Amino acid sequence: MIAGVCEQYQVSERRACRVLALRRSVYRYRPLANRDGEIVKLLLELAHARPEQGFGKLFPRLRALGHRWNHKRVYRVYCSLKLNKRRKGQKRLPTRCPAPLVVSETMNECWSADFMSDALWGDRRFRTFNVVDDFNRELLAIEVDFNLPAARVVRTLDRIAATRGYPLKLRLDNGPEFISVTLAGWAEQHGVTLEFIKPGKPMQNGFIERFNRSYREAVLDMFVFQSLEEVREQTELWFKEYNEERPHGSLGDLTPREYLLTKMPEISLNEWS
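In this text, all values refer to a predicted model and were calculated from it rather than measured experimentally.

Reading the values: rules and limits
- Residues numbered from 1 in each chain as written.
- Predicted model: local features only at pLDDT ≥ 70, side-chain atom pairs only at ≥ 80, totals over all residues.
- Heavy atoms only, no water.
- Buried < 20%, exposed > 50% of the residue type's maximum accessible area, 1.4 Å probe, protein only.
- Helix = DSSP H or I, 4+ residues; strand = E, 2+ residues; numbered from the N terminus.
- Pairing = 2+ DSSP bridges.
- Core = buried A, V, L, I, M, F, W, Y, C linked by side-chain atoms within 4.5 Å.
- Contact = heavy atoms within 4.5 Å.
- Phe/Tyr/Trp six-rings, centres within 6.5 Å; stacked < 30°, edge-to-face > 60°.
- Lys NZ or Arg CZ within 6 Å of the ring centre and 35° of its normal.
- Axes fitted to C-alpha atoms, helices over the stretch in contact; angles between N-to-C directions.
- Parallel < 35°, antiparallel > 145°, perpendicular 65-115°, else oblique.
- Nonpolar A, V, L, I, M, F, W, Y, C, P; charged D, E, K, R; others polar.
- Expected span 1.5 Å × (residues − 1).
- Salt bridge = Lys/Arg side-chain N within 4 Å of Asp/Glu carboxyl O.

Asker: Help me understand the pairing of strand 1 (residues 111-119) in this model?
Answerer: Two faces, one strand: in a regular strand the side chains alternate between the faces of the sheet. Counted residue by residue, strand 1 has 7 buried out of 9 residues, so it is predominantly covered. Here 9 bridges tie strand 1 to strand 2 (residues 125-133), and the two strands are oriented antiparallel to one another. Paired with S117 across the strands is R127, a residue of strand 2. A loop of 5 residues connects strand 1 with strand 2, the two strands running antiparallel in sequence, and D123 in this loop sits at a positive phi of about 75 degrees. Judged from the 2 bridges that link them, strand 1 and strand 4 (residues 169-172) form a sheet pairing that is parallel. Looking at the pairing, W111 lines up with L170 of strand 4.

Asker: Is there a simple way to think about the nonpolar core in this case?
Answerer: Here is a general trend for soluble globular proteins: nonpolar side chains tend to be buried in one another's company. By size, the foremost hydrophobic cluster in this structure holds 20 residues, and its most contacted members are F129, V131, L157, L170, F178, L183 and W186. Those elements that provide at least two residues to this core are strand 1, strand 2, strand 3 (138-145), helix 8 (150-164), strand 4 and helix 9 (181-190). It is helix 8 that contributes the most residues to this core, 4 residues altogether. If sequence neighbours within four positions are ignored, V131 has contacts with W111, S112, A113, E138, L139, L140, A141, L157, I160 and I208. If you look at the next biggest cluster of nonpolar residues, it comprises 18 residues, including V144, I208, F225 and F239.

Asker: When you look at the packing of aromatic side chains in this model, what are you seeing that I'm missing?
Answerer: Any two aromatic rings considered together are summarised by their centre-to-centre distance and by the angle between their planes. Enumeration over the complete set of coordinates arrives at 15 aromatic pairs. Both rings, one in Y215 and one in W238, keep their centres 5.5 Å apart while their planes meet at 40 degrees; by these two values the pair is tilted. Within this pair, whereas Y215 is found in helix 10 (residues 206-220), its partner W238 is found in helix 11 (residues 228-244), the two being separated by 23 residues in sequence. When its relative accessible area of 6% is taken as the criterion, W238 is described as buried. Taking the ring centre of F115 as reference, the NZ or CZ of R127 above it sits at 4.2 Å.

Asker: I tried to follow the packing of helix 8 against helix 9 on my own but got confused; where do I start?
Answerer: When two helices pack together, their arrangement is captured by the angle between the axes and the distance separating the axes. At a minimum axis separation of 9 Å, helix 8 and helix 9 run at an interaxial angle of 25 degrees. Taken together, helix 8 and helix 9 sit at an angle that is classed as roughly parallel. Facing A150, A151, V153, V154, L157 and D158 of helix 8, the residues of helix 9 in contact are T182, L183, W186 and H190. Within the contact of helix 8 with helix 9, the residues separate by chemical class into 7 nonpolar, 2 polar and 1 charged.

Asker: Help me understand helix 8, please; the structure alone is not making it clear to me.
Answerer: A turn of α-helix holds 3.6 residues, and therefore any two residues three or four places apart point the same way. Taking 1.5 Å per residue as the helical rise, helix 8 with its 15 residues ought to reach 21 Å, and the 21 Å between its terminal C-alpha atoms agrees with that figure. Every buried residue of helix 8 is listed here: A150, R152, V153, V154, T156, L157, I160, A161 and R164. Where helix 8 is buried, its residues touch strand 1, strand 2, strand 3, strand 4 and helix 9.

Asker: Before we go on, may I ask you to explain the pattern of salt bridges in this structure?
Answerer: Two side chains of opposite charge can pair, provided their charged atoms sit close to one another. Going through the model one piece at a time under the given rule, you end up with 19 salt bridges. A salt bridge links R76 to D36; the shortest N-O distance between them is 3.3 Å. Here R76, found in helix 7 (residues 71-80), pairs with D36, found in the loop between helix 4 (32-35) and helix 5 (37-49); they are 40 residues apart in sequence, far enough to count as distant. On the accessibility criterion, R76 (39% relative accessible area) is partly exposed. With a relative accessible area of 5%, D36 lands in the buried category. Notably, a salt bridge pairs R127 with E177, separated by 2.8 Å at the nearest N-O pair. With R127 in strand 2 and E177 in the loop between strand 4 and helix 9, this pair connects stretches of sequence that are 50 residues apart. Given the relative accessible area of 13%, E177 is considered buried.

Asker: Can you walk me through the environment of F211 in this structure?
Answerer: Relative to the assigned elements, F211 resides in helix 10. Judged by relative accessible area, which is 2%, F211 ranks as buried. Between the alpha carbons of F211 and V131 there is a distance of 9.3 Å; along the sequence they are 80 residues apart. Excluding its chain neighbours within four sequence positions, the residues that come into contact with F211 are N130, V132, L139, I142, W238 and Y242.

Asker: Before we go on, may I ask you to explain the sheet that holds strand 1 in this structure?
Answerer: The 5 strands lie next to each other as 3-2-1-4-5, forming an open sheet whose pairing is mixed. Each edge of the open sheet is held by one strand with a lone partner, namely strand 3 and strand 5 (193-196). Here the strands of the sheet are splayed against their neighbours by 25 degrees on average, with no regard to which way each runs. Sheet topology note: the strand 4/strand 5 ladder contains 4 bridges and is parallel. Considered in strand 5, the bridge of R171 is made with E195. Along the sheet, helix 10 contacts strand 1, strand 2 and strand 3; its crossing angle with strand 1, the most-contacted strand, is approximately 35 degrees.

By themselves, these figures tell us nothing about what the structure is for.
This is how it looks when you write it as structure tokens:
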């Protein structure tokens, strides 16, 4: 009606509304479904293309496309489409007060363990479980597989202990495999103290972190792997080199095995080779 009056009498929209006693806001009102149609369309397209991303990532994408919609309006539409993701609750961990990182005085006094992650040529990711002895930085195990649950961690530790004995203490971060009931039961059974570092403080487990860097530079970043067998084969070759040929500056340029023989000459290493 307003449009007809404006066209017939050649008057502005403002004057036509005044003559007909109609507020311009009422005339210009559009149902929300129509107003938000473009937002709905774009949000659904972006969410379908990037299902792992939430509002915090999708809204900047809309801005990058040149749309200047208010973030509160977009978030309202986002929630009405039920695209909002469930927030993951933060894990409640007990207070961690680890002892200062010091060099162990004897073998098996403290082991350090950690996980690493990398990918094969086809982008399939795999993990490694690494264990070293803090006393002489000796590499005790590198377990490689696509999945390494807590039960696999326990089997690896038992395999090391079969020839070397169990440690007095095992230093770990707060990964789900390490805070599991499975590992806690294993530690209690064998009299091993589990010492957890504070969350977000990786250098409280500095010995294994330094080893991880060496392993990544020498093996994971040095080769392109097509299969897990290739990773295991190259890791096995480097395993022996690391323990018996590679000098460590922190050990006076001795290898881990040489350092162990120097400090504990009564120990025979033949059965470990």
